[in-house]
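# Observations on the model geometry
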Amino acid sequence: MTAGPGSGAVAGDRDLKLSRVTKRFGDFVAVDDLTLTVPEGSFFALLGPSGCGKTTTLRMVAGLEEPTAGRVSIGDQDITGLRPYKRPVNTVFQSYALFPHLAVFENVAFGLRRRGVRGVEERTEQMLELVELREYAGRRPAQLSGGQQQRVALARALINEPRVLLLDEPLGALDLKLRRQMQIELKRIQTEIETTFVHVTHDQEEAMTMADTIAVMNRGVIEQLGAPAELYENPLTTFVANFLGQSNLIMTEVIDPSGHTVVVDCHGQKVAVVASRCHTQQGRGWLGVRPEKISASAAGCEDHADVNVLTGGVVSDVSFVGVSTQYLVRMPWGQELMVFEQNTGTRSPLTNGDQVDLAWSRDHAFLLDAEQDAQAGVVREDDL
Amino acid sequence: MSQRPAPVVDGETARRRGYGWLLLVPGMLWLVVFFLIPTVQLFFTSLYDPSGSYELGYAMTWHFQNYPDAVRDNFDLFVRSFLYAGITTFVCLLLAYPLAYAIAFKSGRWKNFLLVLVIAPFFTSFLLRTLSWSAILSDQGVVTSLLKSVAILPEDGRLLATPVAVIAGLIYNFLPFMTLPLYASLDKVDPRLIEAAGDLYSSPFTGFRKVTVPLSMPGVVSGTLLTFIPACGDYINAELLGTTRQYMIGNRIQAAFLRERDYPVAATLSLLLMLVVVAMVVVYVRRAGTEKLV
């Protein structure tokens, strides 16, 4: 492997570190005292709604924005004050930012030529091979489709063998089908070359598909950091619970926090939550259950030891979406809960007005601090 | 009757074919009446027998000898015109590029105000502005005495009636024609491309050279054309700021048409100027290769 500019850090110690980084634009705090370590070789996603500071964070790593406070380093090298062209990082820009006056080949060779390394032609050929664009080498970016442009942008960055590859919403401009394809492709390339990828996206599905680790950002801070499954199954905040997938959040009161499971009072019915998923110990708390974890069955079914049951629901809406059926169930306290049922064909579907009990395994709920807004991070259709 | 099958044309296409060309009509008509016919007329005039005169009339003798004669008699004027116009274009480019760059990338909310300033000179007449330059550059003027006091200009030196004054006038008058197209193409350069160049190991200067300059080439080409072509034919600056020794081909044409009333010579020179300029422009545009740019 050819060393990037400024090489010399000890191999294996090339983690990207942000320490107490803050970025202000006038009065607006885009990134607020952020500390983050991205392990070398990982596929890391910064996930959040627009304006949450994820792109600003990425641009500070690229050197396109200067932090108001804090430090950015890769391995032992502090890169906070380094100009972008001196950093061992490369970026795949949101709009690709391909040079319109240069052919695909020259676009890809651009970084190598600027660094004056040898074997530019050969390495460019190889890189074009990797992204399957060899026959397009002589074309201009404007003559390529969106997916092809995306691959040129990727090749143009990767050919420089950066320590960290930054991807700023790289798939945002592609249609759904192509996006799925590119997600798999990106993951394959990342696994193959073992470069650290930092991927900024607002698409939770994209982040969960590709990343090893996701940092969910909101209002300039990281709400929660972890593996996709961990974030999904055990969110720490209502924002994470709502932004990744969908959640039913029910106001409850903690009765007994002492045991292996915490018992809460849910509008007069007792429900148990595994202690490791309780993020509040006393007083009131949001009980969270994912809609697909709940099974709705006709009222009066028996109670099992490991199952929580809420009784007294009435089906108020049924929508059939092919693989599953989505129900809204109105509970005695007036709240409507979502229930997603797989269409396995083993059960006859419920209809409007049916009396149902809702049940879910004790392992599948979480309890969050009641101080938070239950609507935080809810993704509305018109936001996308 | 033709036996060929009628081409299959849907309604939409037929409508386009039917009316699209109509949009060309007004402009074409204008060009035919005010450019094509006069040019043909000019061509015939250039072939009149030179023995005639305005008072006695001219005989059409297809006198092609007018062309070599005109070149021989006015060779130095042609050379001077192209030299002055060339210097003007070059200096305009040097002055306008940083200006247009600053307006496009660095002016922030002052952008529109600065653009208005660039075109502000057009609010007064070209003639009046050039006349005021003759006052500015006059022997008793501020500029001359200032330059003398710092010994850039010798004690008996002058600005007015020198090539410097004529070229300065040309530069002044044509600067907006260089600035505006340059601004238009620089303003279109996506700043993210410059960021991308920086991300790909280009220093700001290399990024400028490899990305900004090539992308602004359409502006450079149209700016230099808009400056060079009219500067070649200009006579006001040489008339007002120079002497006969700074006269350009435009002065000669103007004199031949209006003072001497020697129409064949005037027409011959006009057409020659046009041909040479067109030839130069064709070579230049071919070499600049802007057709590849989006």
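Residues numbered from 1 in each chain as written. Chains lettered and ligands numbered in written order. Predicted model: local features only at pLDDT ≥ 70, side-chain atom pairs only at ≥ 80, totals over all residues.

### Overview of the overall build of chain A
Broken down by element type, chain A carries eight helices and 20 strands. Counting only C-alpha atoms and orienting by the principal axes, one finds that chain A spans roughly 75 × 45 × 40 Å. In chain A, which comprises 384 residues, the proportion classed as buried is 41%. The long-range fraction of contacts in chain A, counting pairs at least 24 apart against all pairs at least 6 apart in sequence, stands at 67%. (Helix = DSSP H or I, 4+ residues; strand = E, 2+ residues; numbered from the N terminus. Buried ≥ 20, exposed ≤ 12 C-beta atoms within 10 Å, placed from the backbone. Contact = placed C-beta atoms within 7 Å.)

### Quick notes on the overall build of chain B
Summing up its helical and strand segments, chain B has 13 helices and zero strands in all. Ordered by position from the N terminus, the helices and strands of chain B form the series α-α-α-α-α-α-α-α-α-α-α-α-α. Taking 294 residues into account, the globule formula puts the C-alpha radius of gyration at 19 Å, and chain B, at 25 Å, lies well above it. Structurally, chain B occupies a C-alpha span of about 80 × 65 × 35 Å along its principal axes. Here chain B holds 294 residues, and the buried ones make up 31% of them. In chain B, once contacts between residues fewer than 6 apart in sequence are set aside, the share between residues at least 24 apart is 69%. (Rg over C-alpha atoms; globule rule 2.2 N^0.38 Å.)

### Focus: the nonpolar core
In this structure, V61(A), V108(A), A155(A), L166(A), V198(A), V216(A) and L287(A) are the most contacted members of the largest nonpolar core, which totals 150 residues. Per-element tally for this core: the top contributor is helix α7 (residues 163–187) of chain B, with 13 residues. A155(A) has contacts with V108(A), M127(A), L128(A), L130(A), V131(A) and L133(A), leaving out every residue within four places of it along the chain. (Core = buried A, V, L, I, M, F, W, Y, C linked by C-beta atoms within 7 Å.)

### Focus: helix α3 (residues 120–130) of chain A
Residue and element names in this part refer to chain A. Along α3, the positions that sit buried rather than exposed are T124, M127 and L128. Down the axis, α3 shows its buried residues gathered within 100° of arc, on one side only. Away from its buried face by more than 90 degrees, α3 exposes E122 and E129. Residues of α3 that are buried sit in contact with α2 (104–115) and α4 (146–158). Once α3 ends, the next one or two residues include E132, with phi positive near 55°. (Arc of directions from axis to C-beta.)

### Regarding helix α5 (residues 176–193) of chain A
Residues and elements named next belong to chain A. Its 18 residues give α5 an end-to-end C-alpha distance of 26 Å, which sits within 8% of 26 Å, the value for a rise of 1.5 Å per residue. Among the residues of α5, M182, L186 and Q190 are the ones counted as buried. Taken down its axis, α5 places every buried residue within 70° of arc, on the same side. Residues of α5 that are exposed and point more than 90 degrees away from the buried face comprise K177, I184, R188, T191 and E192. For α5, the secondary structure elements touched by its buried residues are β3 (43–47), α4, β8 (196–201) and α6 (204–210). One or two positions beyond α5, positive phi appears at E194, with a value near 55°. (Expected span 1.5 Å × (residues − 1).)

### Here we look at the pairing of strand β6 (residues 89–92) of chain A
All names here are of chain A. Side chains of β6 alternate between two faces, with V89 and T91 and N90 and V92 buried alike. Bridge analysis of β6 against strand β7 (residues 164–168) gives four bridges, and the strand direction is parallel. In the sheet register, V92 faces β7, and the bridge partner there is L167. (Pairing = 2+ DSSP bridges.)

### With respect to the confidence of the model for chain A
In low-pLDDT regions, the fine details of the predicted coordinates are not to be read closely. When the pLDDT values of chain A are averaged, the result is 89; 94% of them are 70 or greater. In this model, residues 1–11 of chain A is a region of pLDDT below 50 whose contacts with residues beyond four sequence positions or in other chains number 19 contacts. (pLDDT = per-residue confidence, 0-100.)

### Observations regarding the interface of chain B and chain A
The interface is formed by 17 residues belonging to chain B together with 17 residues belonging to chain A. Secondary structure elements with two or more residues in the side of chain B that touches chain A: α8 (191–199) and α9 (204–215) of chain B. Per-element accounting of the side of chain B that touches chain A gives the leading share, six residues, to α8(B). In terms of residue class, the side of chain B that touches chain A is built from nine nonpolar, four polar and four charged. (Nonpolar A, V, L, I, M, F, W, Y, C, P; charged D, E, K, R; others polar.)

### As for the sheet that holds strand β4 (residues 69–74) of chain A
Residues and elements named next belong to chain A. Spatially, β2-β1-β4-β5 is the arrangement adopted by the four strands of the open sheet, whose pairing is antiparallel. For this open sheet the edge positions go to β2 (28–38) and β5 (77–78), each flanked by a neighbour on one side alone. Across two bridges, β4 lies against β5 in antiparallel orientation. Counterpart to I74 in the pairing with β5 is Q77.

### Focus: the sheet that holds strand β18 (residues 336–342) of chain A
Residues and elements named next belong to chain A. The sheet built from five strands is open, its strands ordered β15-β19-β16-β17-β18 with antiparallel pairing. Each edge of the open sheet carries a strand with a single partner, namely β15 (295–298) and β18. This sheet shows a mean twist of 45° between the axes of neighbouring strands, independent of strand direction. Alignment of strand β17 (residues 324–330) against β18, held across seven bridges, turns out to be antiparallel. (Axes fitted to C-alpha atoms, helices over the stretch in contact; angles between N-to-C directions.)

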